[in-house]
Each structure stands twice: as structure tokens, then as C-alpha cells.
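Report on the structure
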Amino acid sequence: MDLGLTGKVAMITGGSKGIGLETSLHLAYEGAKVAIIARNEEGLQKAAAYITEKTGTEVLPIQADVTKEDDCKHAVVKTAEHFGRLDIVINNAGTANAKPFEQVETALWKEDLDLKLFGAIHCSRYALPYIKEVGGGSIVNITTSSAKTPPASGLPTNVSRAAGLALTKAMSKDLASDQIRVNTVCIGLIRSDQIEKMWKKVAPDKTWEEFSSDPGHGIPLGRIGNTEEAAKVITFLSSDAASYVTGTSVNIDGGKGAAI
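A brief look at the structure comes next. Keep in mind that this is a model prediction, so the values were computed, not measured.

Our next topic: unusual backbone geometry. If a residue is not glycine, its phi is most likely negative; likewise, a peptide bond is most likely trans. Residue P156 is bonded to the preceding L155 through a cis peptide linkage, with omega at 5°. For P156, the location among the structural elements is in strand β7 (residues 155-156). One non-glycine residue, S153, lies in the positive phi region at around 60°. One can find S153 in the loop between β6 (137-144) and β7. Positioned with a positive phi, Q179 is a non-glycine residue whose angle comes to about 60°. Structurally, Q179 is set in the loop between α5 (157-175) and β8 (180-187). Residue class for Q179 comes out exposed when judged on its relative accessible area of 55%.

Below you can see the structure in the form of C-alpha cells.
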């Protein structure tokens, strides 16, 4: 199936590793030009070289901290000016801050909201004129399925991600007349640096396959997902193949989430 991504330009925050890197790779395979945004310059350069080596596509690495509004503006403007257009924004930057309510200090609340909520707000807002200029496009916000039904001791991350769900729905209604689609992908347990650290800490005697398929994870499909499985869904939602999909969320969690 032709996803209609050839010649499109995508900007991905948190694009140097994990789901962001894999999504950048898939977009490039489909013919899109990609700007990857992250804080670590060395990681950015390695990721850009890797994507180009695999796909032959030009990749623009931009060092920026999306908790800072000026950095968000810089990343958007640099992407649009370098490639001559901007069609897709994927707000993927994030970390997992999960603690009981009483243990979350004010500074951590602000840090988490600045990264996951305001980072998405600022990148999207500055991208709008460029996306409108090309007749529309797509914004995909990465959130979590646990934000729909937050468990205990999952703060502040699930509050920030729940705000991202509301942001997605509201934006989708406001921007539909400009043919800008806004959706969210709700991530569950996906193999990442953080999950691998957990594996090595709690079950160092188990292979990845044994750890991944442990029934204690409570995943109906019986295993932890991989970044490619998330990237394929994000790439689809970013593309013309999803031209009538907006204001919706897609869980990528193996069926673990309690809400659809």
C-alpha cells in the first residue's frame, strides 16, 4: 500500500532513540524527509547517520530541548527552512516519571508537564503556519494507554499524558477545517532502554524472551512489544493512508489497557 509519504517532511521530537528513531526510519523508508530532535548531540548524529545509511534519505538532526519554547520554535523553523516545507509533527519526547502522589515534588510536576504537554503544544503551534501552507498534514502525539485509566503510583507521567489525550481531541476539532489531522498513539510496554534496564535489574537470570513473556506483566498478547510495532502505527497515522482519521487514540499495548 502506498502511504503517500514520498516528498513529505516530518519532524520528530525524541527522534534519536527508541520509538522515535524507529519511526524516523520507517518514515524515511516510505520516502519522507525527516528532522530528528533531541538534546544529546552525539546521539543525534549517530541516529541521523544510521537512518541515512539504511534508507539513503537525508536526515536533519537538530539539538533542542522541547521543555523550552524557544527551542521548539527553533526546531520547527529550522526544519521548514531546510527542507522547504513541513507536513508532519510527531510529539514523541518523554520520560517515565512514576511515583506515588505524596512523593512528587513541585519541580517534578513542572518538569514533566513542560516536557510532555507543553513540548507538544509549542512544537505544534509553531508548526501550524507551515502545515497550513502545504494544504494540511498530520500531528501525532505520543501518550500512554495507562493515562486513560491511571494506576496507583503513576504520577506525574499519567497526568501529563492524560492532558495530552485531551489536547489531541481538542486540537483535532480546531484544526480539521485546515485539513490538519491530530491523533494520539497510546503506548504500553514497548522494549526500550528503560524496559531493558528493568529486565536486567529484576530478572538478570532470564533471557529477554523469558522476561518479555512473563505472565506478571499482564499483557493479553503474552509479550512486551517492540519499537517497530509502534513505529508502523505512527507512520500510518502520519500518512495519507489515514486521511479520514482524526481525533482518535490507538493503544499499542498488547491489549493490557483497561480502556479502548
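Having seen the structure, we can now continue with the description.
Turning to the pairing of strand β2 (residues 33-38), a few remarks are in order. Of all six residues in β2, five are buried, a share of seventy percent or more. One ladder, built from five bridges, connects strand β1 (residues 9-13) with β2; its direction is parallel. Paired with M11 across the two strands is A35, which belongs to β2. Handedness of the crossover joining β1 and β2 through helix α1 (residues 18-29): right-handed. Two strands pair when backbone bridges link them, and β2 and strand β3 (residues 59-63) are joined in this way by five bridges, in the parallel orientation. Along β3, the bridge assignment pairs A35 with L60. For the crossover from β2 across helix α2 (residues 41-55) to β3, the handedness is right-handed.

Before going further, it helps to examine helix α8 (residues 227-238). The end-to-end C-alpha separation of α8 is 16 Å, in line with the 16 Å expected for 12 residues at 1.5 Å each. Every buried residue belonging to α8 is among T227, A230, A231, I234, T235, L237 and S238, and all of these are buried. Looking straight down α8, one finds that the buried residues subtend no more than 160° of arc, so they occupy a single side. Two or three places before E228, at the start of α8, stands the capping residue N226, its side-chain oxygen 3.1 Å from that residue's backbone nitrogen.

Of the voids in this model, the second largest pocket is the one considered here, and its volume is about 320 Å³. In this structure, the second largest pocket is lined by 20 residues; those nearest its centre are G137, Q179, I180, R181 and S243. Those elements that place two or more of their residues in the lining of the second largest pocket are β6 and β8. The residue makeup of the lining of the second largest pocket, split by class, is seven nonpolar, nine polar and four charged.

To continue, consider the packing of α1 against α2. One can describe the packing of α1 onto α2 by two numbers: an axis separation of 10 Å at closest approach and a directional angle of 30°. Between α1 and α2 lies a crossing whose hand is right-handed. Taking contact as the criterion, the partners of L21, S24, L25, A28 and Y29 in α1 are, on α2, A47, Y50, I51, K54 and T55. Looking at the contact of α1 with α2 residue by residue, the class counts come to seven nonpolar, two polar and one charged.

Each value, and the rule that gives it
- Residues numbered from 1 in each chain as written.
- Predicted model: local features only at pLDDT ≥ 70, side-chain atom pairs only at ≥ 80, totals over all residues.
- Heavy atoms only, no water.
- Helix = DSSP H or I, 4+ residues; strand = E, 2+ residues; numbered from the N terminus.
- Buried < 20%, exposed > 50% of the residue type's maximum accessible area, 1.4 Å probe, protein only.
- Pairing = 2+ DSSP bridges.
- Right-handed = clockwise from strand over helix to strand, strands pointing away.
- Expected span 1.5 Å × (residues − 1).
- Arc of directions from axis to C-beta.
- Polar contact = N/O pair within 3.5 Å; in protein donor to acceptor, adjacent residues only side chain to side chain.
- 1 Å grid on protein atoms, 1.4 Å probe; cavity = no way out; pocket = protein on both sides within 12 Å on 5 of 7 lines; lining within 4 Å.
- Points joined across faces, edges and corners; volume = space filled by probe spheres on them.
- Nonpolar A, V, L, I, M, F, W, Y, C, P; charged D, E, K, R; others polar.
- Axes fitted to C-alpha atoms, helices over the stretch in contact; angles between N-to-C directions.
- Left-handed = near helix turned anticlockwise from the far one by under 90°.
- Contact = heavy atoms within 4.5 Å.

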